[in-house]
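Here are the chains, one letter per residue:
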Amino acid sequence: MDDQGNQAQQARLQIRTFGLDDREVRSMRELDPSNINQMIGLRGMVVRCSQVIPDLIRACYRCSKCLHAVEVDVERGRIEEPSTCTNPSCQLKGGYTLIHNRCEFSDKQVIRLQEAPESVPQGETPATVSIMAYD
C-alpha cells in the first residue's frame, strides 16, 4: 500500500455536535439496549470523570524461543493470544509473551452523566449513565 493509502487508513474522525434540537435529544429514561454503540444526544450533568486510561487496541507478542513477533488486534475487548508460534521452524506451544512497549494503545475515559434536575419526576432519584469515551 502506498503512503496515501496508509495515511487514509490511519486518519481518525472526530465529531463535535452542538445546537441539537429538542427532538434529537433523548431522556435517560428512554434509553434501551438498542442504543449501545450508537451516537445519541442526552441532556444531563457530568458528575464524575475518570482519569485518562490507556486502552489496548493492538497487542504484540514475541516467541520466547525464536523471538518471532506477532501483532494481534483487540476486537470488542477480547484478545486472541497466539497459542502456537507461527514461525514454521519453531512452532513452540504457549511460548508467547506480551511485549508492552510494542503494543498500541488509545485513550479511554469513563464519564458519569446524571439526569438533569428539571427532567427528574417528582420524588424519584435521578437516573445516571456511565459513558465510555474513546479517543
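For the structure itself, consult the block above.
Residues numbered from 1 in each chain as written. Predicted model: local features only at pLDDT ≥ 70, side-chain atom pairs only at ≥ 80, totals over all residues. Heavy atoms only, no water.

Enquirer: Hey, could you run me through the packing of aromatic side chains in this one?
Expert: Tallied over the entire structure, the rule returns one aromatic pair. Relative to Tyr 96, the ring of Tyr 61 lies with its centre 6.4 Å away and its plane at 75°, an arrangement referred to as edge-to-face. One end of the pair, Tyr 61, is in strand β4 (residues 53-63); the other, Tyr 96, is in strand β6 (residues 96-98), and 35 residues separate them in sequence. Residue Tyr 61 is classed as buried on the basis of its relative accessible area of 5%. Classification of Tyr 96 as buried rests on a relative accessible area of 6%. (Phe/Tyr/Trp six-rings, centres within 6.5 Å; stacked < 30°, edge-to-face > 60°. Helix = DSSP H or I, 4+ residues; strand = E, 2+ residues; numbered from the N terminus. Buried < 20%, exposed > 50% of the residue type's maximum accessible area, 1.4 Å probe, protein only.)

Enquirer: Would you mind going over the pattern of salt bridges with me for this structure?
Expert: Oppositely charged side chains can pair when the atoms bearing their charge come close. Under the criterion given, the structure shown has five salt bridges. One network of salt bridges, with partners in common, ties together Arg 29, Glu 115 and Glu 124. (Salt bridge = Lys/Arg side-chain N within 4 Å of Asp/Glu carboxyl O.)

Enquirer: I'm lost on the nonpolar core in this one. Help?
Expert: For soluble globular proteins, the rule of thumb is that nonpolar side chains tend to be buried together. Core analysis: the biggest nonpolar cluster contains eleven residues, these being Leu 56, Ala 59, Cys 60, Tyr 61, Cys 63, Val 70, Val 72, Cys 85, Cys 90, Tyr 96 and Cys 103. Listed by contribution, the elements that provide at least two residues to this core are β4 and β5 (69-73). A per-element tally of this core places β4 first, with five residues. Aside from chain neighbours lying at most four places away, what touches Val 70 is Ala 59, Cys 60, Tyr 61, Pro 82, Thr 86 and Tyr 96. (Core = buried A, V, L, I, M, F, W, Y, C linked by side-chain atoms within 4.5 Å. Contact = heavy atoms within 4.5 Å.)

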